[in-house]
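Here's the letter readout for the chains.
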Amino acid sequence: MSSVKKVALITGANRGIGLETARQLGRRGITVLLGARELAKGEAAAASLKKDGIDARAVKLDVAAPADYIAAAKLIEKDFGRLDILVNNAGILIDARTGNETSTTSAEVLRKTFDTNFFAVVALTQTLLPLIRKSEAGRIVNLSSILASNTLHATKGSPIYDAKHLAYDASKTALNSFTIHLAHELRDTKIKVNSADPGWVKTDMGGEGAQLEIEEGGKTSVELATLPDDGPTGGYFHLGKPQPW
Ligand code: NAP
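For every chain, the first residue of the written sequence is number 1, and numbering continues from 1 along that sequence. For a predicted model such as this one, the threshold for reporting local features is a pLDDT of at least 70, and the threshold for listing and counting side-chain atom pairs is 80 or more; totals across whole chains, interfaces and linings nevertheless cover every residue. Neither water nor hydrogens contribute to the side-chain values; these are computed over all heavy atoms in the structure.

Peer 1: Sorry if this is basic, but what is going on with the overall build of the protein here?
Peer 2: Think of it this way: any DSSP run of H or I at least four residues long counts as a helix, any run of E at least two long counts as a strand, and we number them from the N terminus. Assigned secondary structure in the protein consists of eight helices and eight strands. Between the two quantities, the radius of gyration covers C-alpha atoms and the globule rule is 2.2 Å times the number of residues to the power 0.38. Against the compact-globule benchmark of 18 Å for 245 residues, the protein has a radius of gyration of 17 Å, which places it among compact chains. Overall, the C-alpha framework of the protein stretches about 50 × 40 × 30 Å when taken along its three principal axes. A burial count over the protein gives 51% of its 245 residues as buried. Working definition of accessibility: Shrake-Rupley area with a 1.4 Å probe, residue cover restricted to the visible protein chains. Counting every atom, the protein has about 11600 Å² of accessible surface; 54% of that belongs to carbon and sulfur. When charges are tallied, Lys and Arg are placed among the positive residues and Asp and Glu among the negative ones, while His and the ends of the chain are skipped. By convention, the charge on Lys lies at NZ, on Arg at CZ, on Asp at CG and on Glu at CD. For the protein, the distance from the average site of its 30 positive side-chain charges to the average site of its 28 negative ones is 3 Å. In this scheme, a residue with accessible area under 20% of its type's maximum is buried, one over 50% is exposed, and one in between is partly exposed, where area comes from a 1.4 Å probe on protein chains only.

Laid out in structure tokens, this is it:
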């Protein structure tokens, strides 16, 4: 193994699970680049990690703005020459919280959700893939959700049977397809691509009533970002356990 420090880019890392993932990766000695659509918020988050001795840096990165991720790729190329870990963490849930019905979900909500949760992830990953190919052991983690599981949505009595948000759920199911397809294309390389279900986590998105504390919520992403060479690829996991697609 090389003694050179690994470099990770985490999108949406100024708060929530993304910031926690950066913290936990940083504690393992990995240089963490905190993607944030508002640079000032990313810089504040990076400063909070630096206080703990973590090698953290903010990168302006609105995943819906191609110019931002092209600039991020150039910066990473110039300063590191490669990218070891990409955590596609930024995501939105804008389906109505109450009275949410599939039959009235608007095209606008569907499009906005897919723009951030699916199209942006594909485009950003495609842009960064040449840099990830230069890593000794590239790892790509796509932040999915238990709500991506068509199997559980279709199973009466499952924990998510009555938790239907068409735009969010379908965007994460599509993201899982991206994981499977990209892992297949990269099956003969050292790059591993997996979907993470972080669990129901106490963040702005998850809400106060969520089951998991933030520390627990970062663990699945970190596990998949630091998989050993004989680890899985093309999978969908929560804390090491495969989830039904
Ligand atoms: P969160 O607290 O709402 O944080 C979301 C993060 O994504 C923020 O940093 C936000 O930035 C960023 N973001 C949103 N749109 C962006 C864009 N266009 N460009 C760049 N950054 C953007 O959510 P979270 O709970 O930490 O969720 C993180 C990921 O885990 C998401 O993909 C989510 O779907 C997934 N997840 C969460 C849970 C849960 O229970 N919390 C469960 C399953 C899956 P701003 O601060 O600028 O808005």
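What follows continues from the structure just given.
Peer 1: Teacher, can you tell me more about the packing of aromatic side chains here?
Peer 2: For any pair of aromatic rings, the description rests on two quantities: the centre-to-centre distance and the angle between the ring planes. Ring geometry is summarised as follows: Phe, Tyr and Trp rings, the Trp one being its six-membered ring, pair when their centres sit within 6.5 Å, and such pairs are stacked at plane angles under 30 degrees, edge-to-face over 60 and tilted between the two. All chains considered together, the criterion is met by four aromatic pairs. On the numbers, 6.2 Å between centres and 70 degrees between planes, the contact of Phe 114 with Phe 118 is edge-to-face. Of the two residues, Phe 114 and Phe 118 both sit in helix α4 (residues 107-133), four residues apart, roughly one turn of that helix. In terms of burial, Phe 114 and Phe 118 fall into one category: buried. Seen from their ring centres, Phe 118 and Phe 119 are 5.3 Å apart, and the 65 degrees between their planes marks the pair as edge-to-face. For Phe 119, a relative accessible area of 49% translates into the label partly exposed. Members of the aromatic cluster, each reached through a chain of ring pairs, are Phe 114, Phe 118 and Phe 119. By definition, being over a ring means that NZ of Lys or CZ of Arg is both within 6 Å of the ring centre and within 35 degrees of the ring normal. When the ring centre of Tyr 161 is taken as reference, the NZ or CZ atom of Lys 164 above it lies at 4.7 Å.

Peer 1: What's the story with helix α1 (residues 16-27) in this structure? I'm lost.
Peer 2: Helical periodicity: at 3.6 residues per turn, an α-helix aligns residues three or four positions apart in one direction. Between its first and last C-alpha atoms α1 spans 17 Å; for twelve residues at 1.5 Å apiece the expected length is 16 Å, and the two agree. Among the twelve residues in α1, ten count as buried, and that is most of the element. Along α1, the residues classified as buried are Ile 17, Gly 18, Leu 19, Glu 20, Thr 21, Ala 22, Arg 23, Gln 24, Leu 25 and Gly 26. Here a residue-residue contact requires only that any non-hydrogen atoms of the pair lie within 4.5 Å. Packing partners of the buried residues in α1 comprise β1 (7-10), β2 (31-36), α2 (39-50), β4 (85-88), α7 (214-217) and α8 (219-225). With its phi angle positive at about 85 degrees, Gly 29 sits one or two positions after the end of α1. Here the expected span of a helix is defined as 1.5 Å times the quantity of residues minus one.

Peer 1: Just to check I follow, could you spell out the environment of Gly 35 for this structure?
Peer 2: Its place among the elements puts Gly 35 in strand β2. Residues Gly 35 and Asp 68, spaced 33 residues apart in sequence, show a C-alpha to C-alpha distance of 10.0 Å. Setting aside chain neighbours within four positions, we find Gly 35 in contact with Leu 9, Ile 10, Thr 11, Gly 12, Ala 13, Asn 14, Val 59 and Leu 61.

Peer 1: Any chance you could explain the site of the ligand here in plain terms?
Peer 2: A molecule or strand has a residue near it when one of that residue's heavy atoms lies within 4 Å. The environment of the ligand is made up of 28 residues, and the closest members are Arg 15, Arg 37, Tyr 168, Val 201 and Thr 203. Any N or O atom pair separated by 3.5 Å or less is treated as a polar contact, with the protein-specific requirement of one donor-capable and one acceptor-capable atom, and with residues adjacent in sequence counted only for side-chain atom pairs. Contact between the ligand and Asn 89: an oxygen atom at 2.8 Å from a main-chain N or O atom of the residue. Here an oxygen atom of the ligand and a backbone polar atom of Val 201 are 2.7 Å apart. Burial of the ligand by the protein chains amounts to 94% of its free accessible area of 910 Å². Those elements giving two or more residues to the shell around the ligand turn out to be α1 and α6 (166-185). Residue classes in the shell around the ligand are distributed as twelve nonpolar, eleven polar and five charged. Charged residues are taken to be Asp, Glu, Lys and Arg, nonpolar residues to be Ala, Val, Leu, Ile, Met, Phe, Trp, Tyr, Cys and Pro, and polar residues to be all remaining types, Gly included.

Peer 1: Just checking my understanding: could you explain the sheet that holds strand β8 (residues 241-242) for this structure?
Peer 2: Strand pairing in a sheet relies on backbone hydrogen bonds, with the paired strands running either antiparallel or parallel. On the basis of which strands lie adjacent, the open sheet formed by eight strands has the order β3-β2-β1-β4-β5-β6-β7-β8 and mixed pairing. Taken across any chain shown, the strands that pair with only one partner, and hence form the sheet edges, are β3 (56-60) and β8. Note on geometry: axes are lines fitted to C-alpha atoms, helical ones only across the stretch in contact, with angles between N-to-C directions running from 0 to 180 degrees. Where α6 meets the sheet, its contacts fall on β5 (139-143), β6 (192-196) and β7 (236-238), and the angle it forms with β6 comes to roughly 160 degrees. DSSP-based pairing: two strands are paired if at least 2 bridges between them are found.

Peer 1: In this structure, what is going on with the nonpolar core? I would like to understand it.
Peer 2: Among soluble globular proteins, nonpolar side chains are generally buried collectively. Counting 32 residues, the largest nonpolar core has Leu 9, Leu 83, Leu 128 and Ile 132 as the members making the most contacts within it. At the level of elements, β1, α3 (66-79), α4 and α6 are the ones that each hand at least two residues to this core. Tallying contributions element by element places α4 first for this core, with ten residues. Each residue touching Leu 83, except ones within four places of it in the same chain, is listed here: Val 7, Ala 8, Leu 9, Ile 76, Leu 128, Leu 131, Ile 132 and Ser 135. Remark: nonpolar core denotes a set of buried residues (Ala, Val, Leu, Ile, Met, Phe, Trp, Tyr, Cys) joined through side-chain atoms within 4.5 Å. Membership of the second largest hydrophobic core comes to 25 residues, among which are Leu 19, Val 32, Ala 45 and Ala 46.

Keep in mind that these numbers describe shape and distance, not what the molecule does.
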